[in-house]
Amino acid sequence: MKVLVIGSGGREHAMAWKLAQSSLVERVYVAPGNGGTALEPKCRNVAVSGSDPANPAAQTFLVDFARKEGIELTVVGPEAPLAAGIADTFTAAGLPIVGPTGDAARLESRKAFAKQFMAAHGVRTAKSNTVTTLKAGLDLVTEHFGSRAQVRPLVIKADGLAAGKGVVITDRADEAETTLRDFMEGKALGDAGTTVVIEEFLEGKEISILAAVQAGPDLAPGTARIIPFLPARDHKRRYDGSQGPNTGGMGAIAPVSDFTAGAAADFTQHILEPTLRGLEAEGLRYKGFIFFGLMVYEDRCYLLEYNVRLGDPETQAVLPLMASDFAELCQHIAKGSLHQYTLQWKSGHVCAPVAVAEGYPGSYRKGDPIRIDRKRITALGAQVFIAGANLDQNILSGETGSKETGSGGTEGGLLRTSGGRVLAVSAQGDTPEAARARAYQAMETVQFTGMGYRRDIGAS
Ligand code: AMP
Ligand code: GLY
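Quantities reported herein were computed from a predicted structural model and do not represent experimental measurements. (Residues numbered from 1 in each chain as written. Chains lettered and ligands numbered in written order. Predicted model: local features only at pLDDT ≥ 70, side-chain atom pairs only at ≥ 80, totals over all residues. Heavy atoms only, no water.)

Undergrad: What is the right way to look at the packing of helix H8 (residues 134-145) against helix H9 (residues 173-185) in this model?
TA: The relative placement of two packed helices is expressed as an angle between their axes plus a distance between the axes. H9 packs onto H8 with a crossing angle of 170° between their chain directions and a minimal axis gap of 10 Å. Judged by the angle between their axes, H8 and H9 are roughly antiparallel. Handedness of the H8/H9 crossing: right-handed. Contact residues: Leu134, Gly137, Leu138, Val141 and Phe145 in H8; Ala173, Ala176, Glu177, Leu180, Arg181, Met184 and Glu185 in H9. Across the contact of H8 with H9, the residue classes break down as eight nonpolar, one polar and three charged. (Axes fitted to C-alpha atoms, helices over the stretch in contact; angles between N-to-C directions. Helix = DSSP H or I, 4+ residues; strand = E, 2+ residues; numbered from the N terminus. Parallel < 35°, antiparallel > 145°, perpendicular 65-115°, else oblique. Left-handed = near helix turned anticlockwise from the far one by under 90°. Contact = heavy atoms within 4.5 Å. Nonpolar A, V, L, I, M, F, W, Y, C, P; charged D, E, K, R; others polar.)

What follows is the structure, encoded as structure tokens:
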């Protein structure tokens, strides 16, 4: 079958790579894709007219493309097109798609909705208040900080999608106040910040659980499921030892050894099961992936956030460990037959550090040629997943589409950096240490001017 992946990051490269390995899949189209998906065997990029798959013109274009090409399955990577209702559009057109409806996608795109959902269905989370006026927010700040000398930090979250800029953690009343003024009065995040969630700060270790979901009134009774993948950990700060500014994610490891059996059971009981019951009770149509961002303290799990998609860069560590056929899994999700499917995993661990451009997460260098020693990468059993790099224009003007990268040796000049997070290398090992060692050996074979990466991904 022909499959369409929507998105352009490292997560989508990993998804396309995994789909391409399936004997069921003849071709993977990636819209719009990146330089990595352009070079991946069996994959081909599709230029999206209207460029952003979240806008209505682009959705119409993608539906037409899927019809014309006979696409049998579409899988959505990022949240923006989901929040804009791409799954509703495809479903209405009779095209199978993996992704929740726009209504269900509010679990990510509206934090106030997500918190209200958690409270209504008994999903364990941080205590919070939602405010819609600046005064109500400032009153809460005053009440929290009061005149006490020692106070726990406060977490301030913009309600809407804010590309990673919507969460501020502060232990200072003046900073909390400025944040509220910026979000609610100054419209620093546009409409995303007019409603704000203010919540208690939780301590613990962060874990990401990605999962496959089917739920909704169109399914047969008793067949709703959430099937979790192996637990993963992202490392969000730019520098080693979790120092420096927040980023989109500097690398991931899976599975995570400090997620104990006790924590897993707690997660099932206090987060997964109430979430599934909540989806059912609210009649939300959800056939896709869900991401639970957890804080785990002494084996008790708290839900920090839902994302309605796979994580980036967690996917680059988790998918290489999937023994099951990813295309088959996606087919079951789209068809609503997940309850008849058993997901299988490989043993071992995968470590996936991310290489970023100089300056990231601030403004960063672009356009630098990337050198990759493909032979060495293959010998290490590693993968390179491209996030922010394009095919060199000279190659683009030659032949695009069916370029297999050939047998090996150092590849230079095929790709140029175009994003802040440029690529991830994923390598497997029997232990976390072995996976890490191999991933960093693989990373050493990649070069571009201004390249930076953390050296402690997967070290706990
Ligand atoms: P979110 O977008 O909700 O995942 O928040 C971004 C990051 O802020 C998370 O990955 C956590 O590191 C941190 N965070 C969010 N909520 C809390 C909380 N209640 N307590 C502590 N840290 C938090
Ligand atoms: N790695 C966090 C995310 O995908 O949102």
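Undergrad: Looking at this structure, I do not really get the site of ligand 1. What am I missing?
TA: The environment of ligand 1 is made up of 15 residues, and the closest members are Glu199, Glu200, Leu202, Glu206 and Glu305. In this structure, a nitrogen atom belonging to ligand 1 sits 3.0 Å away from a side-chain N or O atom of lysine 157. The side chain of lysine 236 places a nitrogen or oxygen atom 3.1 Å from an oxygen atom of ligand 1. Calculation on ligand 1 without its partners gives an accessible area of 470 Å², and the protein chains cover 87% of this total. When contributions to the shell around ligand 1 are tallied by element, the ones reaching two or more residues are strand E7 (154-158), strand E8 (167-170), strand E9 (196-200) and strand E17 (300-307). Split into classes, the residues belonging to the shell around ligand 1 amount to eight nonpolar, no polar and seven charged. (Near = heavy atom within 4 Å. Polar contact = N/O pair within 3.5 Å; in protein donor to acceptor, adjacent residues only side chain to side chain. Areas by Shrake-Rupley, 256 points an atom, 1.4 Å probe, with all protein chains shown as cover.)

Undergrad: Help me understand the state of the cysteines, please; the structure alone is not making it clear to me.
TA: One way to say it: the disulfide is the covalent bond shared by the sulfur atoms of two cysteines. Summed over all chains, the structure comprises zero disulfides. Between cysteine 330, a free cysteine, and cysteine 43, which holds the nearest cysteine sulfur, the sulfur-to-sulfur gap is 13 Å. Overall, cysteine 330 belongs to the buried group, its relative accessible area being 0%. (Disulfide = S-S within 2.5 Å. Buried < 20%, exposed > 50% of the residue type's maximum accessible area, 1.4 Å probe, protein only.)

Undergrad: Explain the sheet that holds strand E3 (residues 43-45) to me, please; I cannot follow it from the model alone.
TA: Adjacent strands of a sheet form backbone hydrogen bonds with each other and so pair up, either parallel or antiparallel. Taking strand neighbours across the sheet as the criterion, the five strands line up as E3-E2-E1-E4-E5 in an open arrangement whose pairing is parallel. Two strands in the sheet have a free side with no partner beyond their single neighbour: E3 and strand E5 (97-98). Packed on one face of the sheet, helix H3 (residues 56-69) meets strand E1 (2-7), strand E2 (27-32) and strand E4 (71-76) and runs near 165° to E1. Seen against the sheet, helix H12 (residues 326-335) touches E4 and E5 and runs at an angle of roughly 90° to E4. (Pairing = 2+ DSSP bridges.)

Undergrad: Is there a simple way to think about the environment of threonine 178 in this case?
TA: Assignment of secondary structure puts threonine 178 in helix H9. Residues threonine 178 and leucine 19, spaced 159 residues apart in sequence, show a C-alpha to C-alpha distance of 46 Å. Reaching out from threonine 178, the side chain makes a polar contact with the backbone oxygen of aspartate 174 at a distance of 2.7 Å.

Undergrad: Could you clarify how one ought to interpret the pairing of E1 in this entry?
TA: The side chains of a regular strand alternate between the sheet's two faces. Across the six residues that make up E1, a large majority, five, are buried. Sheet topology places E1 next to E4; five bridges connect them, and they run parallel. Along E4, the bridge assignment pairs leucine 4 with threonine 74. Strand direction decides the pairing type here: E1 and E2, joined by six bridges, are parallel. The residue bridging glycine 7 from the neighbouring strand is proline 32, located in E2. For the crossover from E1 across helix H1 (residues 10-20) to E2, the handedness is right-handed. (Right-handed = clockwise from strand over helix to strand, strands pointing away.)

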